Amino acid sequence: MRVLIVEDEPYMAEAIRDGLRLEAIAADIAGDGDAALELLSVNAYDIAVLDRDIPGPSGDEVAAHIVSSGTGMPILMLTAADRLDDKTTGFELGADDYLTKPFALKELVLRLRALDRRRAHHRPPVREIAGLRLDPFRREVFRDGKYVALTRKQFAVLEVLVAAEGGVVSAEDLLERAWDENADPFTNAVRITVSALRKRLGEPWVIATVPGVGYRIETGAARG
């Protein structure tokens, strides 16, 4: 999952981003409305976390832009206000959820995962393919019934590959979906992570490399 955090308080934004990374959620930060609109124009996000009171175009204006884009991207609004009429206005603008400051990071993570599940309601919460069973909410992976311990980044990469349901995912797409905007596209991060992930999952290899194209789950792999 990749989210956009629109928050003008640097320390809070960085704390949220770092906390989400610990939960295998990639996050980019926009400190004002203009930066948010710029990032939305060049990156694909699963969810936007918007502070309503930001410099430049307000959080409300950014929300309106997201809604009008027709992408269906869920919006979670952050605000220091706890008045019912403020929340009502936010929902009328197109917000899917609301979180009042201060809040616990764990609650934010739970709400983000719930929004992601609703967004992908056509897919089962627990995904199974080629002997793999991936639970994105418990962050657990099993292969042929045996638990597989993965790092946060390995889990994020596997989640993208499993969601593709056997389709090929390019290294560029993996970098976009499982890392964040600070990732260097010229590094070997994807190749190294996929290689380590493949070894963690064990033989027979369930992740196939398609030369010059990318990676995919080998749905025809034999099961041990």
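About the criteria used
- Each chain has its residues counted from 1, running along the sequence as written.
- Only residues with pLDDT of at least 70 are given local features in this predicted model, and only at 80 or more are side-chain atom pairs given and counted; all residues enter the totals for whole chains, interfaces and linings.
- The basis for every side-chain value is the complete set of heavy atoms in the structure, and neither hydrogens nor water enter the calculation.
- Interaxial angles span 0 to 180 degrees and are taken between N-to-C directions of axes, which are lines fitted to C-alpha atoms, for helices over the stretch in contact.
- A run of H or I in DSSP becomes a helix once it reaches four residues, and a run of E becomes a strand once it reaches two; helices and strands are each numbered from the N terminus.
- Crossing handedness is read from the near helix: turned anticlockwise from the far helix by less than a right angle, it gives a left-handed crossing, and turned clockwise, a right-handed one.
- Should any heavy atoms of two residues lie within 4.5 Å, those residues are counted as being in contact.
- Residue type decides the class: Asp, Glu, Lys and Arg count as charged, Ala, Val, Leu, Ile, Met, Phe, Trp, Tyr, Cys and Pro as nonpolar, and the leftover types, Gly among them, as polar.
- Here the expected span of a helix is defined as 1.5 Å times the quantity of residues minus one.
- Summary of the burial criterion: residues with accessible area below 20% of their type's maximum are buried, those above 50% are exposed, and those between are partly exposed, where the area comes from a 1.4 Å probe applied to protein chains only.
- Throughout, the arc means that of the directions going from the helix axis to the C-beta atoms.
- Grouping buried Ala, Val, Leu, Ile, Met, Phe, Trp, Tyr and Cys residues that are joined through side-chain atoms within 4.5 Å yields what is termed a nonpolar core.
- In short, DSSP must find at least two bridges between two strands for them to pair.
- Salt bridge, as used here: a side-chain nitrogen of Lys or Arg that lies within 4 Å of a carboxyl oxygen of Asp or Glu.

Labelled according to an unreviewed UniProt entry, the protein chain appears under the name Response regulator transcription factor, originating from Glycomyces lechevalierae.

## Points about the packing of helix α1 (residues 10–21) against helix α5 (residues 105–119)
Orientation of α1 relative to α5, taken along the N-to-C sense of each, is 65°, at an axis distance of 10 Å. Handedness of the α1/α5 crossing: right-handed. Where α1 abuts α5, its residues Ile-16, Gly-19 and Leu-20 lie against Leu-105, Leu-108, Val-109 and Leu-112. A breakdown of the residues in the contact of α1 with α5 according to their chemical character gives six nonpolar, one polar and no charged.

## Some remarks on α5
A rise of 1.5 Å per residue sets the reference length of α5, with its 15 residues, at 21 Å; its end C-alpha atoms lie 21 Å apart and thus fit the reference within 8%. All of the buried residues in α5 are Leu-108, Val-109, Leu-112, Arg-113, Leu-115 and Asp-116. Projection of α5 onto a plane perpendicular to its axis shows the buried side chains occupying an angular sector of 160°, all on one side. Of the exposed residues in α5, the ones pointing more than 90 degrees away from its buried face are Lys-106, Leu-110 and Arg-118. Among the structural elements, β1 (2–6), α1, β3 (47–51), β4 (75–79) and β5 (97–100) are those in contact with the buried residues of α5.

## Considering the nonpolar core
Counting 27 residues, the largest nonpolar core has Val-157, Leu-158, Leu-161, Leu-174, Leu-201, Ile-207 and Ile-217 as the members making the most contacts within it. At the level of secondary structure, the elements contributing two or more residues to this core comprise β7 (132–135), α6 (152–163), α7 (171–178), α8 (189–201) and β11 (214–217). Broken down by element, this core gets its largest block of residues, seven residues, from α6. With 18 residues, the next largest nonpolar core counts Val-6, Ile-66, Ala-95 and Tyr-98 among its residues.

## Brief notes about the sheet that holds strand β6 (residues 127–129)
Reading across the sheet, the four strands line up as β6-β7-β8-β9 and stay open at both edges, with antiparallel pairing between neighbours. Sheet topology places β6 and β9 (146–147) at the edges, where each strand pairs with a single neighbour. Of the pairings in the sheet, the one linking strand β8 (residues 140–143) to β9 comprises two bridges and is antiparallel in character. Residue pairing for β9: Arg-143 is matched across the bridge by Lys-146. In the packing of α6 onto the sheet, contacts are made with β6, β7 and β8, and the angle to β7 comes to roughly 115°.

## What to know about the pattern of salt bridges
A complete count under the given rule lists 11 salt bridges for this structure. With a closest N to O distance of 2.4 Å, Asp-46 and Arg-177 form a salt bridge. Within this pair, whereas Asp-46 is found in the loop between α2 (33–42) and β3, its partner Arg-177 is found in helix α7, the two being separated by 131 residues in sequence. Of the charged contacts in the structure, one is a salt bridge between Glu-218 and Arg-216, with a shortest N-O distance of 3.3 Å. Owing to a relative accessible area of 25%, Glu-218 belongs among the partly exposed residues under this scheme. Overlapping salt bridges bring together Glu-7, Asp-51 and Lys-101 as one network.

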